[in-house]
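Single-letter residue listing:
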Amino acid sequence: MTRLSNAFRADRAALITFVTAGDPSVKDTPAILDALVEGGADIIELGMPFTDPMADGPAIQAANIRSLTGGTKTADILNIAKNFRAKHPNVPLILMGYANPMTIRGADWFADACEQNGVDGVICVDIPVEEDDSLGDSLREKNIAVVRLATPTTDAERLPQILSNATGFLYYVSVAGITGLQQAAQNSIEEAVKRLKSGTDLPVAVGFGVRTPEQAADIGRVADGVVVGSAIVELVEKYGNNATPHVKDYIASLASAIAAAR
């Protein structure tokens, strides 16, 4: 997890970016990942498409359907990860998605595949902490970060359970809802980050609803990381296989704002 820990710096927040693997196609995804890196992303989340992405809003739901309609397989995603690692040896790559594609062949198989293909961490949206042993143990044995999610409804009793065996960073979902449709008020984000950081030494990254450089800068002043997903996915939807320059320019605007925030 050295790549992942190195991505969080004392002088500025990390920019964490999300795209769906296979959108607009498996062939085009590597160039989009390159554009994220070239624009200044510090950490990449690569979404594993799933038929029922219950935590995601319309933009990412549509990206999942486009990817699956195009025939994206788990093998394709792992191959994308392998090639990304060869090209970008120092940029952390996280697989994000749902339990079924990660566990259908067994947790040990998935953990081995992550290790072999240069994946640094995994975010599984629908495995609760009570069922951590269904995937988490296998990942940690391979030194793959198990990134957990906290929400506005995570109370003082629940938080220690979420943090138990969490590694890499803590992802704070700043709104009680699905991705992309709304953003929390800045004061509520500041209060939540302060509360979460009092309970863990892990970096705290904030996402859901972040779209503009101004929003990213505001969050970057108080959090260790800023997560942007739906806005990037919408650029991919709009421009298709011509999305890379638009993605790069957009990421550069976010990275510049975050760098100046402190």
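Going by the structure above, here's the rest.
Just so it is clear, the model here is predicted, and its values are computed rather than measured.

Calculation rules
- Residues numbered from 1 in each chain as written.
- Predicted model: local features only at pLDDT ≥ 70, side-chain atom pairs only at ≥ 80, totals over all residues.
- Heavy atoms only, no water.
- Helix = DSSP H or I, 4+ residues; strand = E, 2+ residues; numbered from the N terminus.
- Rg over C-alpha atoms; globule rule 2.2 N^0.38 Å.
- Buried < 20%, exposed > 50% of the residue type's maximum accessible area, 1.4 Å probe, protein only.
- Contact = heavy atoms within 4.5 Å.
- Areas by Shrake-Rupley, 256 points an atom, 1.4 Å probe, with all protein chains shown as cover.
- Lys, Arg positive; Asp, Glu negative; His and termini not counted.
- Charge placed at Lys NZ, Arg CZ, Asp CG, Glu CD.
- Pairing = 2+ DSSP bridges.
- Right-handed = clockwise from strand over helix to strand, strands pointing away.
- Salt bridge = Lys/Arg side-chain N within 4 Å of Asp/Glu carboxyl O.

1. What to know about the overall build of the protein chain
Alright, step 1. Along the backbone of the protein chain there are 12 helices and nine strands.
Alright, step 2. Whereas a compact globule of 262 residues would reach a radius of gyration of roughly 18 Å, the protein chain reaches 17 Å, a difference of no more than 12%.
Alright, step 3. Expressed along its principal axes, the backbone C-alpha trace of the protein chain runs to roughly 45 × 40 × 30 Å.
Alright, step 4. For the protein chain, the residues scored as buried account for 56% of the 262 residues in total.
Alright, step 5. Once local pairs closer than 6 in sequence are excluded, the contacts in the protein chain between residues at least 24 apart make up 70%.
Alright, step 6. Of the roughly 10900 Å² that the protein chain leaves accessible, carbon and sulfur atoms contribute 49%.
Alright, step 7. Considering the protein chain, the positive charge centre built from 22 side chains and the negative charge centre built from 32 side chains are found 5 Å apart.

2. So, helix H11 (residues 230–239)
Alright, step 1. Within the span of H11, buried status applies to Ser230, Ala231, Ile232, Val233, Leu235 and Val236.
Alright, step 2. The secondary structure elements touched by the buried residues of H11 are strand E1 (14–20), helix H2 (29–39), helix H3 (58–69), strand E9 (225–228) and helix H12 (244–260).
Alright, step 3. One or two steps after H11, the chain reaches glycine 240, where phi turns positive at roughly 55°.

3. Thoughts on the pairing of E1
Alright, step 1. Most of E1 is tucked away, with seven of its seven residues classed as buried.
Alright, step 2. Note: E1 against E9, four bridges, orientation parallel. Note on E9: the bridge partner recorded for threonine 17 is valine 228.
Alright, step 3. Pairing analysis gives five bridges linking E1 to strand E2 (residues 43–47), with the strands arranged parallel. Bridging from a neighbouring strand, threonine 20 pairs with glycine 47 of E2.
Alright, step 4. Since E1 and E2 lie parallel, the crossover through H2 that links them has a hand, and here it is right-handed.

4. Structural notes on the pattern of salt bridges
Alright, step 1. Within this structure, the stated rule accounts for 18 salt bridges.
Alright, step 2. Of the charged contacts in the structure, one is a salt bridge between arginine 66 and aspartate 23, with a shortest N-O distance of 2.8 Å. Of this pair, arginine 66 sits in helix H3 while aspartate 23 sits in the loop between E1 and H2, placing them 43 residues apart in sequence.
Alright, step 3. On the basis of relative accessibility, which here comes to 26%, the residue arginine 66 falls in the partly exposed class.
Alright, step 4. Given the relative accessible area of 3%, aspartate 23 is considered buried.
Alright, step 5. Salt-bridge contacts for aspartate 28 lead to lysine 27; the nearest nitrogen and oxygen are separated by 3.6 Å.
Alright, step 6. The exposure class assigned to aspartate 28 is buried, which follows from its relative accessible area of 14%.
Alright, step 7. Among the charged side chains, a salt-bridge network with shared partners connects Asp132, Asp137, Arg140 and Arg148.

The values reported here are purely geometric and, on their own, carry no functional implication.
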